[in-house]
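Here is how the chains run, residue by residue.
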Amino acid sequence: MRPSALISATELRSLLATQNDVLVVDCRYALTDASAGAEAYANGHIPGAHYADLGTLLSGPVTGMTGRHPLPDPQAFADGMAAMGANNDTLIVAYDADDAMFAARLWWLLRWIGHQNVRVLDGGLKAWLEAGGDLNTRAPSAQRGTLALRTRDMPTVTFTDMLENVESRKRVMVDARSPDRYRGENETIDPIGGRIPGALNRFYKENVDAGGRFKPAEELRAAFHELLGDTPPEQVIHQCGSGVSACHNLLAMEIAGLGGGTLYPGSWSEWCRQRDVPVERG
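As a starting point, this report considers the structure included with it. Counting of residues starts from 1 at the beginning of each chain's written sequence and follows it residue by residue. Only residues with pLDDT of 70 or above have their local features reported here, since the model is predicted, and side-chain atom pairs are shown and tallied only from 80 upward, although totals for entire chains, interfaces and linings are computed over all residues. Heavy atoms from the whole structure form the basis of all side-chain values; hydrogens and water molecules are not counted.

## Description of the sheet that holds strand β4 (residues 91-95)
No. 1: Spatially, the 5 strands line up as an open sheet ordered β1-β5-β4-β2-β3, and their pairing is parallel. Every interior strand has two partners, whereas the edge strands, β1 (6-7) and β3 (50-51), have only one.
No. 2: Any two strands with at least two DSSP bridges between them are considered paired. Numbering of helices and strands runs from the N terminus, with a helix taken as a DSSP run of H or I at least four residues long and a strand as a DSSP run of E at least two residues long. The sheet contact formed by strand β2 (residues 22-26) and β4 spans 5 bridges and is parallel. Directly across from V24, in β4, lies its bridge partner V93.

Below you can see the structure in the form of structure tokens.
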């Protein structure tokens, strides 16, 4: 049995008071302002937390035909986490402002490089403050850790795989974007609006309650069963705008006991940049 993918603020406070090999990582970010997350971190973060920027550490270089947040080079990502002090057995706790959209990306990436001991702070910084946790503005120093690449168990697909799947429909595609963007409306981030043909919609925010905490496992399981029917998780491809909020659906399915899904990292932002690809709207 894998350990829980989530950790409560109360449990985290206790662990930080009693255990040494715990690395807390602040993943706050704003898709509309690349500097906002780092500024928020500088203005106050969980004591001892390091900052992981979506645009640099948690993503690779963008080229003309990639999506907005390509996967980082796995070795470079592992090195970046080791620079924060992460060892192969370190418990790494990811958090963001509240609903774990960006923390889920770090959770997925760590699992992708074979690091299983990672959890997401349920409710994020908001929950930490509600539990009486304090903040500080000191950037921590760290002795370099030993975290290394290991057997990876988080599968991905390429644009070519997706194009073939649109024809074959062998696997079910789930789009994590908001319903309006899924329909091709109100697109303000990518060049054109629409969706990959055949994709179903599960807006990632439906995975959490009004306070940003994940809904109970049973409720999530029922919701995904309603969406996917009898499709096994291994036959589900998750995508979104750029491969970030799709990780939230993957995390929610893990919480629900439905782990094993696949990520399309390029997602809509890669798909819509290719020539003569099919697009659905409405």
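## A word on empty space enclosed by the protein
No. 1: Method remark: on a 1 Å grid restricted to protein atoms, a set of points is classed as a cavity if a 1.4 Å probe fits but cannot get out and as a pocket if it is open with protein on both sides within 12 Å along at least five of seven lines; lining residues have an atom within 4 Å of a point. Grid points are joined across faces, edges and corners, and a volume is the space filled by probe spheres set on the points. Evaluated as defined, the whole model comprises 2 cavities of 30 Å³ or more.
No. 2: Estimates place the volume of the second largest cavity at around 40 Å³.
No. 3: Around the second largest cavity, the lining residues are F224, H225, L228, G229, T231, P232, P233, M253 and L258.
No. 4: With 3 residues, helix α8 (residues 217-228) is the single largest residue contributor to the lining of the second largest cavity.
No. 5: Under the scheme applied, nonpolar residues are Ala, Val, Leu, Ile, Met, Phe, Trp, Tyr, Cys and Pro; charged residues are Asp, Glu, Lys and Arg; polar residues are all the others, including Gly. Class assignment for the residues of the lining of the second largest cavity results in 6 nonpolar, 3 polar and no charged.

## Observations concerning the layout of surface pockets
No. 1: Empty space within the largest pocket amounts to approximately 290 Å³.
No. 2: Along its surface, the largest pocket is lined by 19 residues, and L31, M101, R181, I189 and Y204 are the ones closest to its centre.
No. 3: Tallied by class, residues from the lining of the largest pocket come to 8 nonpolar, 6 polar and 5 charged.

## As for the nonpolar core
No. 1: Note on terminology: a nonpolar core comprises buried Ala, Val, Leu, Ile, Met, Phe, Trp, Tyr and Cys residues joined through side-chain atoms within 4.5 Å. We call a residue buried when its accessible area falls under 20% of the maximum for its residue type, exposed when it is over 50%, and partly exposed in between, using a 1.4 Å probe and counting protein chains only. With 59 residues, the main nonpolar core has M81 and W108 as its most contacted residues.
No. 2: With 10 residues, helix α4 (residues 101-112) is the single largest residue contributor to this core.
No. 3: Beyond its immediate stretch of four places on either side in the chain, M81 contacts L23, V25, L57, A86, I92, L106 and L110.
No. 4: I7, L121, L125 and W128 belong to the second largest nonpolar core, which has 15 residues in total. Here, two residues are considered to be in contact whenever any of their heavy atoms come within 4.5 Å of each other.

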